[in-house]
Structure formats: C-alpha cells, structure tokens
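These are the residues of each chain, in order.
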Amino acid sequence: QMISPTPLAKKTARDVPQVFRNEAKPWIKRPSTVSSILSWRPKYIIVKMLFLLYYSSLGAVMPYLPVYFQSLGIPDKRIGHLGAITPAVTFLVSPLWGYLTDSTGKLKEVLLFTFVTSVIFRVIMAL
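Parameters and conventions
- Residues numbered from 1 in each chain as written.
- Predicted model: local features only at pLDDT ≥ 70, side-chain atom pairs only at ≥ 80, totals over all residues.
- Heavy atoms only, no water.
- Helix = DSSP H or I, 4+ residues; strand = E, 2+ residues; numbered from the N terminus.
- Expected span 1.5 Å × (residues − 1).
- Bend = angle between axes of the 7 residues up to and from the residue.
- Axes fitted to C-alpha atoms, helices over the stretch in contact; angles between N-to-C directions.
- Contact = heavy atoms within 4.5 Å.
- Nonpolar A, V, L, I, M, F, W, Y, C, P; charged D, E, K, R; others polar.
- Patch = residues over 30% accessible without salt bridge, like charges linked within 9 Å, V, L, I, M, F, W, Y side chains within 5 Å.
- Areas by Shrake-Rupley, 256 points an atom, 1.4 Å probe, with all protein chains shown as cover.
- Salt bridge = Lys/Arg side-chain N within 4 Å of Asp/Glu carboxyl O.
- Buried < 20%, exposed > 50% of the residue type's maximum accessible area, 1.4 Å probe, protein only.
- Polar contact = N/O pair within 3.5 Å; in protein donor to acceptor, adjacent residues only side chain to side chain.
- Phe/Tyr/Trp six-rings, centres within 6.5 Å; stacked < 30°, edge-to-face > 60°.

Student: Which parts of the structure should I look at to understand helix α4 (residues 76-104)?
Tutor: The α-helix advances 3.6 residues per turn, and as a result positions three or four apart in sequence lie on the same side. In this model α4 runs 43 Å from its N-terminal to its C-terminal C-alpha over 29 residues, within 8% of the 42 Å that 1.5 Å per residue would give. At alanine 84, α4 shows its largest bend, some 35 degrees, and a proline, proline 87, comes one to four positions later. Remark: glycine 105 follows α4 within two positions and exhibits a positive phi of approximately 80 degrees.

So this is what it looks like as structure tokens:
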C-alpha cells in the first residue's frame with residue numbers, strides 16, 4: 001500500500017512553526033507598501049520632524065567638518081579617522097540594538113534610551 005504525501009496547499013498555519021508566523025513577534029509591525037511608510041500619521045509627526053531636522057542639520061554640517069578639522073591643524077589621516085568613527089560604531093552597534101529590541105519587545109523604551117544617551121554624549125562632547 002502506497003502512502004501519498006500531503007499536498008502543501010492543505011497545510012494550515014498550525015503546521016508552520018511559530019517562529020515563521022507573524023504572531024511570533026506581534027510588536028513588530030511591518031508596513032506592506034511604500035505608501036504606508038510615507039503616509040502622514042498625526043501621532044508620528046513629532047518623530048518625523050525630529051528625524052527631518054536631525055538629518056537636515058547633519059547634511060548641512062558634515063561636508064564642512066573636514067575643512068574645519070584641517071583649519072585646526074589636524075593631520076589628514078586623523079581627519080579620516082574622525083570621519084569614520086560614526087559609521088563604524090553604527091555598523092557594529094545597530095545589530096545589538098535590533099537584537100535587544102526584538103528579544104525584549106520594548107521598542108519605545110530602547111529608542112528613547114538610545115536617543116537620550118546620544119543627546120547626553122553629544123552635549124558632553126560639545127563642552
């Protein structure tokens with residue numbers, strides 16, 4: 001007697017391990033389209049304005065930093081190191097923040113912690 005394999009179409013969500021289901025991490029909401037990412041939501045307007053102002057100011061200042069560093073008499077090699085610090089740290093630490101957020105499910109708390117910590121260190125560096 002021959003056993004026929006179960007067709008894939010008949011499998012239900014219960015047959016799929018929980019890690020592959022959307023319910024595995026309900027705090028992660030993935031937008032389905034680009035229009036949903038760019039949509040205007042009143043409760044997020046302050047966050048969007050913060051990002052706009054932050055990256056606008058960063059874009060205005062960053063091209064002139066090497067010139068400023070050079071006017072201070074810093075050698076070119078050291079200017080390259082100073083310019084590479086932020087991307088290198090971001091590359092190394094971003095996966096850790098993502099893991100912490102995914103494992104705890106506390107997205108708002110982690111974002112608030114990183115934002116406040118960043119502001120504090122930037123103020124300390126400016127002094």
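Student: How do you make sense of the packing of α4 against helix α5 (residues 107-126) when you look at a structure like this?
Tutor: Two numbers describe a pair of packed helices, the interaxial angle and the distance between the axes. The N-to-C vectors of α4 and α5 enclose an angle of 150 degrees; their axes lie 8 Å apart at closest approach. Contacts between α4 and α5 involve Trp97, Leu100 and Thr101 from the former and Leu107, Val110, Phe113 and Thr114 from the latter. Across the contact of α4 with α5, the residue classes tally to five nonpolar, two polar and no charged.

Student: What is the right way to read a nonpolar patch on the surface from this model?
Tutor: On the surface, Ile46, Leu50, Leu112, Phe115, Val116, Val119, Ile120, Phe121, Val123, Ile124 and Leu127 cluster together to form a nonpolar patch covering roughly 1100 Å² of accessible area. The set of elements that each furnish at least two residues to the nonpolar patch consists of α2 (45-61) and α5. Following the sequence through the fold, leucine 127 ends up in the segment after α5. Here leucine 127 falls in the exposed class, since its relative accessible area comes to 85%.

Student: Before we go on, may I ask you to explain the environment of aspartate 76 in this structure?
Tutor: With respect to the helices and strands, aspartate 76 occurs in helix α4. A residue is classified by how much of its surface remains accessible, and aspartate 76, at 56% relative accessible area, is exposed. Each C-alpha atom of the pair aspartate 76 and proline 66 lies 8.6 Å from the other, and the pair is ten residues apart in sequence. Here glutamine 70 takes part through its side chain, which lies 3.5 Å from a polar atom of the side chain of aspartate 76.

Student: I would appreciate a short explanation of the packing of aromatic side chains in the present structure.
Tutor: For any two aromatic rings, the description comes down to two numbers: the centre-to-centre distance and the angle of the planes. Under the defined criterion, the tally for this structure stands at four aromatic pairs. Taking 6.0 Å as the distance between ring centres and 20 degrees as the angle between the ring planes, the aromatic pair formed by phenylalanine 51 and tyrosine 55 counts as stacked. Pair noted here: phenylalanine 51 and tyrosine 55 are both in helix α2, with a separation of four residues, about one helical turn. In this structure phenylalanine 51 comes out as partly exposed when scored by relative accessible area, which is 49%. On the basis of relative accessibility, which here comes to 48%, the residue tyrosine 55 falls in the partly exposed class. Taken together through their ring pairs, the aromatic side chains of Phe51, Tyr54 and Tyr55 make up a single cluster.

Remember, this is a structural readout, not a statement about activity or role.
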